[in-house]
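What the coordinates show
So the chains spell out like this:
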Amino acid sequence: MGFRCGIVGLPNVGKSTLFNALTETQAAQAANYPFCTIEPNVGQVSVPDERLDKIAAIAESAKVIPTQLSFVDIAGLVKGASAGEGLGNQFLGNIREVDAIVHVLRCFEDDDIQHVANKVDPIADAEVVETELMLSDLESLEKRVENASRRATSGDKEAKALASVLGQALDLLKDGKPARLTEPKDDEEQRLFDNAQLLTAKPVLYVCNVAEDEAGEGNDLSAKVFEKAAGEGAQAVIVSAAIEAELIAMPEEDRAEYLEALGLEESGLARVIRAGYTLLGLQTFFTAGPKESRAWTFPAGAKAPQAAGEIHTDFEKGFIRAETIAYDDYIALDGEAGAKEAGKMRQEGKDYDVQDGDIMLFKFNV
């Protein structure tokens, strides 16, 4: 599986520039005025993973296929969006459809680029967007909690659980806190909470868009964002959208040298992906052979049949076993044959917890 991240933020914070850079396209028109993006743009991005290249080299694969993730560039929100201000709350529906929110915050000064509030304050910007999401959730929850509480008095067990977990979320929102801080007490409440699809329940990654010369360590503004993220269980990364735009304009073989000259070990895309994986609890397993080596994304904690289902539903339905080699063993023993000879190829059953980096061959029968 991949994951779908919605890029949000106020107008002119660098959302569309970042989207263009991340997806190596010009799909999102970048311009110096609000509401440049009206319809959400969607871009597929290959997840860079040096392990895949090493596996493919050993397997002498004809094709190398990385896993994919989606970025959705959602139009800039402004104060009052939940009540129809700006381009209206239609964009809140776009946010509802994503797995995580990538919140781009402007952490650079530039007199040539207009700011919608005429000042650079990433914390205030974050609060504007967060407030609109909270207001939307509040409106959604007030009636639902009331109805669930009414049904709960008649002995409806599901309604009682729903009233409990959504009531907790409602209290948090009334206190100015996001619904993602809700703590369901059991699996049933967790299921009901997830099904509620609350905007502020989605995991958040703050992207601090800084100037080129601050891309390594950030600045005082980005430091405040990191402090905010730590306080609310979110993630934060530093990115220079300007550098990312320059990277995609040059040949791929020159990019590592360019990053090194800037004192950077990796691109902004790599930072965003790694943080996104951490945020959503995602990991990677691999399949390898002479035809192709391929990376697959799965949720941490998945059993072998679930991982098999990422390839095809028939693999999960008819799962028999998984021939599994740990990544380190695969590399150290020069591939499948060496791992098998050394006794490092394991036969794993339905209860096996797939590990990040596993190289797997699934046996199934439908």
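My aim in this report is to walk through the structure given alongside it, one point at a time. Computed from a prediction, not measured in an experiment: that's the story for all the values here. (Residues numbered from 1 in each chain as written. Predicted model: local features only at pLDDT ≥ 70, side-chain atom pairs only at ≥ 80, totals over all residues. Heavy atoms only, no water.)

**Quick notes on the overall build of the chain**
On a plain count of helices and strands, the chain comes out with 14 helices and 12 strands. For the chain, the share of sequence-separated contacts (at least 6 apart) that also reach a separation of at least 24 residues comes to 69%. Of the roughly 17,800 Å² of accessible surface on the chain, 47% is carried by carbon and sulfur atoms. (Helix = DSSP H or I, 4+ residues; strand = E, 2+ residues; numbered from the N terminus. Contact = heavy atoms within 4.5 Å. Areas by Shrake-Rupley, 256 points an atom, 1.4 Å probe, with all protein chains shown as cover.)

**Quick notes on the nonpolar core**
Nonpolar side chains in soluble globular proteins tend to end up buried together. Within the largest apolar cluster, 59 residues are counted, with the highest numbers of intra-cluster contacts made by Phe 71, Ile 95, Leu 205, Tyr 206 and Val 207. The element that contributes the greatest number of residues to this core is helix 10 (residues 268-280), accounting for six residues. Ala 148, Ala 161, Ala 163 and Ala 196 belong to the second largest nonpolar core, which has 18 residues in total. (Core = buried A, V, L, I, M, F, W, Y, C linked by side-chain atoms within 4.5 Å. Buried < 20%, exposed > 50% of the residue type's maximum accessible area, 1.4 Å probe, protein only.)

**Re the pairing of strand 1 (residues 4-8)**
For strand 1, the buried fraction is high: four of the five residues fall into the buried class. Where strand 1 lies against strand 4 (residues 68-73), four bridges are found, and the strand directions are parallel. Within strand 4, the residue paired with Ile 7 across the bridge is Asp 73. For strand 1 and strand 5 (residues 100-106), the ladder comprises four bridges, and the chain directions are parallel. Within strand 5, the position partnered with Ile 7 by the bridge is Val 102. (Pairing = 2+ DSSP bridges.)

**Quick notes on the sheet that holds strand 7 (residues 235-239)**
In space, the six strands of this open sheet follow the order 2-4-1-5-6-7, with mixed pairing throughout. Where the open sheet ends on each side, the last strands, each with one partner, are strand 2 (41-46) and strand 7. Each strand of the sheet is rotated relative to its neighbour by a mean of 25 degrees, with strand direction disregarded. Strand direction decides the pairing type here: strand 2 and strand 4, joined by six bridges, are antiparallel. (Axes fitted to C-alpha atoms, helices over the stretch in contact; angles between N-to-C directions.)

**What about the pattern of salt bridges?**
Enumeration according to the criterion identifies 15 salt bridges in this entry. Between Arg 180 and Glu 232 there is a salt bridge, with its nearest N and O atoms 2.9 Å apart. Here Arg 180, found in the loop between helix 5 (157-174) and helix 6 (187-195), pairs with Glu 232, found in the loop between helix 7 (220-231) and strand 7; they are 52 residues apart in sequence, far enough to count as distant. Overall, Glu 232 belongs to the buried group, its relative accessible area being 9%. Notably, a salt bridge pairs Glu 232 with Lys 228, separated by 3.3 Å at the nearest N-O pair. Judged by its relative accessible area of 16%, Lys 228 is buried. A single network of salt bridges, built from pairs that share partners, joins Glu 130, Arg 180, Lys 228 and Glu 232. (Salt bridge = Lys/Arg side-chain N within 4 Å of Asp/Glu carboxyl O.)

**Remarks on the side chain of Arg 51**
The residue Arg 51 is located in helix 2 (residues 50-59) in this model. Judged by its relative accessible area of 18%, Arg 51 is buried. There is a polar contact of 2.9 Å between the side chain of Arg 51 and the side chain of Asp 49. Excluding residues within four positions of it along the chain, Arg 51 makes contact with Thr 284, Phe 286, Tyr 327, Asp 356 and Gly 357. (Polar contact = N/O pair within 3.5 Å; in protein donor to acceptor, adjacent residues only side chain to side chain.)

**What about the packing of aromatic side chains?**
Considering all chains together, one arrives at five aromatic pairs under this definition. With centroids separated by 5.8 Å and ring planes inclined at 90 degrees, the aromatic side chains of Phe 285 and Phe 362 adopt a geometry described as edge-to-face. Separated by 77 residues along the polypeptide, Phe 285 in strand 8 (residues 282-287) and Phe 362 in strand 12 (residues 359-364) bring together distant segments of the chain. Owing to a relative accessible area of 0%, Phe 285 belongs among the buried residues under this scheme. A relative accessible area of 7% places Phe 362 in the buried class. Within the aromatic cluster, the residues linked to one another by ring pairs are Phe 285, Trp 296, Phe 298, Phe 319 and Phe 362. A cation over a ring is seen here: Arg 106 above Phe 108, with NZ or CZ 4.6 Å from the ring centre. (Phe/Tyr/Trp six-rings, centres within 6.5 Å; stacked < 30°, edge-to-face > 60°. Lys NZ or Arg CZ within 6 Å of the ring centre and 35° of its normal.)

**What about helix 5?**
Spanning 18 residues, helix 5 covers 25 Å between terminal C-alpha atoms, matching the ideal 26 Å at 1.5 Å per step. All buried positions along helix 5 are accounted for by Ala 159, Ala 161, Leu 162, Ala 163, Val 165, Leu 166, Gly 167, Ala 169, Leu 170, Leu 172 and Leu 173. The inward-facing, buried residues of helix 5 abut helix 4 (122-152) and helix 6. The backbone nitrogen of Glu 158 lies 3.1 Å from a side-chain oxygen of the residue at the head of helix 5, namely Asp 156. Taken from the residues just after helix 5, Gly 176 is the one with a positive phi, measuring 80 degrees. (Expected span 1.5 Å × (residues − 1).)

**So, the packing of helix 4 against helix 7**
Contact geometry of helix 4 with helix 7 gives a least axis separation of 9 Å together with a crossing angle of 45 degrees. Here helix 7 runs oblique to helix 4, going by the angle between their axes. Side by side, helix 4 and helix 7 meet where Pro 122, Ile 123, Ala 126 and Glu 130 of the first sit next to Leu 221, Lys 224, Val 225 and Lys 228 of the second. The residue makeup of the contact of helix 4 with helix 7, split by class, is five nonpolar, no polar and three charged. (Parallel < 35°, antiparallel > 145°, perpendicular 65-115°, else oblique. Nonpolar A, V, L, I, M, F, W, Y, C, P; charged D, E, K, R; others polar.)

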